[in-house]
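A look at the structure
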Amino acid sequence: MKRVINLLLPLCGIGMALAAWWAASVAVPDLPSPVRTWDESKLYILEPLAYRGESDQGILLLAYYSLIRVARGFLLGIAIATPLGFLLGVSATLTKMFDPIMQVLRPISPLAWLPLGLVLFQKSEPAALFAIAVCSMWPTVINTMMGVRAIPQDYWNVAKVLRLSRTTTFIKIIVPATLPYMFTGYRLSLGIAWLVIVASEMLTGTPGVGGFLWQEYNSLVYAHILLAIITIGVVGFALDRLMGLAEARLRAS
Amino acid sequence: MAFLEVRDLSKSFPSPAGVRHVLKDVRLDVEQGEFVSIVGTMGSGKSTLLSLLAGLTSPDGGTVVIDGKPVTGVRVDAAFVFQNYSLLPWFSALENVRLAVQAAFPDATAAEQIRRATEALERVGLGNAVDRKPRQLSGGMRQRVSLARAFATEPRVLFLDEPFGALDALTRDTLQQDLAQLCAERERPVTTVMITNSVEEAILLSDRIVPIVTGPPASLGTPIAVELARPRTLAQLAHDEQATHARAHVIAALTASMQRRTRPSSAGSTATLTSTEPAKEAV
């Protein structure tokens, strides 16, 4: 009984959201209703991997382009953020030195970084990666730093008493002790990277879910805007769940 | 010259209420192969003293000399057992011990390191728990791993910081016997300094007991010799005349310093006075 209710409740929520959407579509004539959105989008969903031309592709194919871009930007971001987090965690001097800069850089929107990226790299693809990396790295920097600082004195004592070298201490104590924090950082970073991708694709017009959204807006196919929005949400949710699973696995081991 | 010599050691920490002097004029001699317990109440500065002896922290003044060499950091031939086990939770018992073996014998082959670590665990009766993680072990077993880790490196000096303080009474009894056994089994004598708040534990294990003269700043009182044959058992200690004598002596020394503390006007000066007496009197 309880399981049935647990299944029904989210369905109720979804139903209410659809009803609100439908009501809004009655009030605003330009907004397609849920049914119309489905009618105009089903080709993209039912043939998710179809390639009918540069501007006309299945939704999974579009999501795939975006995911590849996110993966590259995210990996670039954490490749910089992880060592930076360790350094800041270990050294109070470095923290004092860089904390103000970090606090200022952190709240800057991807929309602000992107033009700078275009100036720096001249091309849209590296500019997009730059924007993703620079926006998504902060949670990893901060969580890794916190993780290192949260290492119990006991573990430092072990390193001291056993006279472990810096390298051994790093590999055998600092990294394993920080790993759970790092993964929380990765998860948050990936979430941000996915947020940034849409903005950067919209501005640079590269193929992907965000690029598709902007292109369909310009071609006045409003149903596809909703299709893109829902896709972005579902993929983002799936990414977070996957990272959450990886994190839980790690904590359990 | 004693194997371990402490002269005029002092240590203070900054605190919100100004500088807190924890230790002052600490003087101690420990002979090679001797087991010395430093007994005091909680918060009396005994853990600070042990970290100074082991070279984990450096003193404000005074010197610690072990085997003719001033202590400036953790010695290669020293081992430490902490009250809270201090095992790394991501490593198995064997890996925890091996980490110490690896650090102590970097030139040994992997097989040799594993053999040493396994042997050390077998000696404390954990031969069939080598692959278990600390969280899969009971408190007593964890502290056994910790003992194995300390003895696996074949130390010449052993520092024990309330090693059995976190254990229940029954487990504590067996572990105390295990420790006595481990110390006795050694081919090379190990010089041991143990911190404890249990007078009984000190009598069971030590050659000499040094009471802490409560501060702050704390210092050490006159050592009390425990001239009892080994192996000792708790049952035997309960009735033994020598043990009763030692127990009374230690408790008297501890309570005397406690009472001094309750009269703040004379606290500082008395504490310092006691420690400047020759510390070897009872040897």
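Once that is clear, we can look at the sheet that holds strand 4 (residues 61–66) of chain B. Residues and elements named next belong to chain B. Read from one edge of the open sheet, 4 strands run 2-1-4-5, paired in antiparallel fashion. Looking at strand neighbours, the two that pair on one side only are strand 2 (18–30) and strand 5 (69–70), the edges of this open sheet. By the bridge criterion, 2 bridges tie strand 4 to strand 5 in an arrangement that is antiparallel. Of the residues in strand 5, the one forming a bridge with isoleucine 66 is lysine 69.

Moving on: the domain arrangement of chain B. All names here are of chain B. Assigned domains within chain B: domain 1 (1–75 + 192–283) and domain 2 (78–154 + 164–189). Distance between the C-alpha centres of domain 1 and domain 2: 26 Å. Ranked by the residues each element gives to the side of domain 1 that touches domain 2, the list is headed by helix 6 (residues 199–205), at 3 residues.

We now examine the pairing of strand 9 (residues 208–213) of chain B. Residue and element names in this part refer to chain B. Across the 6 residues of strand 9, 6 count as buried, placing the element largely inside the fold. Taken together, the 4 bridges between strand 3 (residues 35–39) and strand 9 define a ladder with parallel strand orientation. Following the sheet pairing, isoleucine 38 is matched in strand 9 by valine 210. As defined by bridge partners, strand 9 adjoins strand 11 (residues 224–225) across 2 bridges and the pair is classed as antiparallel.

This part is about the environment of valine 221 of chain A. All names here are of chain A. Within the secondary structure, valine 221 sits in the loop between helix 9 (209–218) and helix 10 (222–252). Overall, the presence of 14 C-beta atoms within 10 Å leaves valine 221 in the partly exposed class. Considering only alpha carbons, one finds valine 221 and isoleucine 101, 120 residues apart in sequence, at a separation of 43 Å.

Of all hydrophobic cores here, the largest spans 131 residues; its most connected members are Ala131 and Ile132 of chain A together with Val97, Leu121, Ala148 and Phe159 of chain B. Composition of this core by domain shows at least three residues from each of domain 1 (1–75 + 192–283) and domain 2 (78–154 + 164–189) of chain B. When sequence neighbours within four positions are dropped, the list of residues in contact with leucine 121 of chain B reads Ala93, Leu94, Val97, Leu126, Gly127, Val130, Val145 and Ala148 of chain B.

On to the pairing of strand 2 of chain B. Residue and element names in this part refer to chain B. Relative to strand 2, strand 1 (residues 4–15) runs antiparallel, the two being bridged by 9 bridges. Counted as the bridge partner of lysine 11 is leucine 23 from strand 2. Here strand 1 hands over to strand 2 after 2 residues, the two strands then running antiparallel side by side.

This paragraph deals with helix 4 (residues 92–105) of chain A. Here helix 4 of chain A spans 20 Å end to end across 14 residues, near enough to the 20 Å set by a 1.5 Å rise per residue. Of all 14 residues that make up helix 4 of chain A, 0 are buried, and the element is exposed over most of its length.

Before going further, it helps to examine the environment of glutamine 136 of chain B. Mapped onto the secondary structure, glutamine 136 of chain B falls in the loop between helix 3 (110–123) and helix 4 (139–152). In the structure, glutamine 136 of chain B is positioned 44 residues away from serine 92 of chain B in sequence and 9.4 Å away in space, judged by C-alpha atoms.

Another point: unusual backbone geometry. Residue and element names in this part refer to chain B. Despite not being glycine, aspartate 25 has its phi angle at roughly 50°, a positive value. Following the sequence through the fold, aspartate 25 ends up in strand 2. Although it is not a glycine, serine 86 sits at a positive phi angle of roughly 50°. Secondary-structure assignment places serine 86 in the loop between strand 6 (78–81) and helix 2 (93–104).

In this section: the packing of helix 2 of chain B against helix 4 of chain B. Residue and element names in this part refer to chain B. As a packed pair, helix 2 and helix 4 sit with axes 8 Å apart at the nearest point and diverge in direction by 25°. In terms of their interaxial angle, helix 2 and helix 4 are classed as roughly parallel. The interaxial crossing formed by helix 2 with helix 4 has right-handed handedness. Residue-level inspection shows Ala93, Asn96, Val97, Ala100 and Val101 of helix 2 in contact with helix 4, the latter providing Val145, Ala148, Arg149 and Ala152. A breakdown of the residues in the contact of helix 2 with helix 4 according to their chemical character gives 7 nonpolar, 1 polar and 1 charged.

Each partner contributes to the interface: chain A provides 12 residues, whereas chain B provides 12 residues. In terms of residue count, the dominant contributor to the side of chain A that touches chain B is helix 7 (residues 153–161) of chain A (6 residues).

Rules and cut-offs
The residue numbers shown here count from 1 along each chain, following its written sequence. Each chain takes a letter, starting from A, and each ligand takes a number, starting from 1, following the order in which they are written. Whole-chain, interface and lining totals are the exception, using all residues; otherwise, since this is a predicted model, local features are given only for residues with pLDDT of at least 70 and side-chain atom pairs are given and counted only at 80 or more. Pairing between strands is defined by DSSP: at least two bridges between the two strands are required. Starting at the N terminus, helices and strands are each numbered in turn, a helix being any DSSP run of H or I of at least four residues and a strand any DSSP run of E of at least two. Reported domain spans reflect what an automatic or database domain assignment gives. Three classes are used. A residue is buried when 20 or more other C-beta atoms lie within 10 Å of its own, exposed when 12 or fewer do, and partly exposed in between, with C-beta atoms placed from the backbone. By definition, a nonpolar core groups buried Ala, Val, Leu, Ile, Met, Phe, Trp, Tyr and Cys residues that are joined through C-beta atoms within 7 Å. Placing C-beta atoms from the backbone, we regard two residues as in contact once those atoms come within 7 Å. Helix span is expected to be 1.5 Å times the residue number reduced by one. Here the axes come from fitting lines to C-alpha atoms, over the contacting stretch only for helices, and the angles between their N-to-C directions go from 0 to 180 degrees. Each angle is binned into one of four classes, with values under 35 degrees roughly parallel, values over 145 roughly antiparallel, values of 65 to 115 roughly perpendicular, and all other values oblique. Crossing handedness is defined as follows: a turn of the near helix away from the far one that is anticlockwise and smaller than a right angle gives a left-handed crossing, while the clockwise case is right-handed. Gly is put with the polar residues, along with every residue not named as nonpolar or charged; the nonpolar set is Ala, Val, Leu, Ile, Met, Phe, Trp, Tyr, Cys and Pro, and the charged set is Asp, Glu, Lys and Arg.

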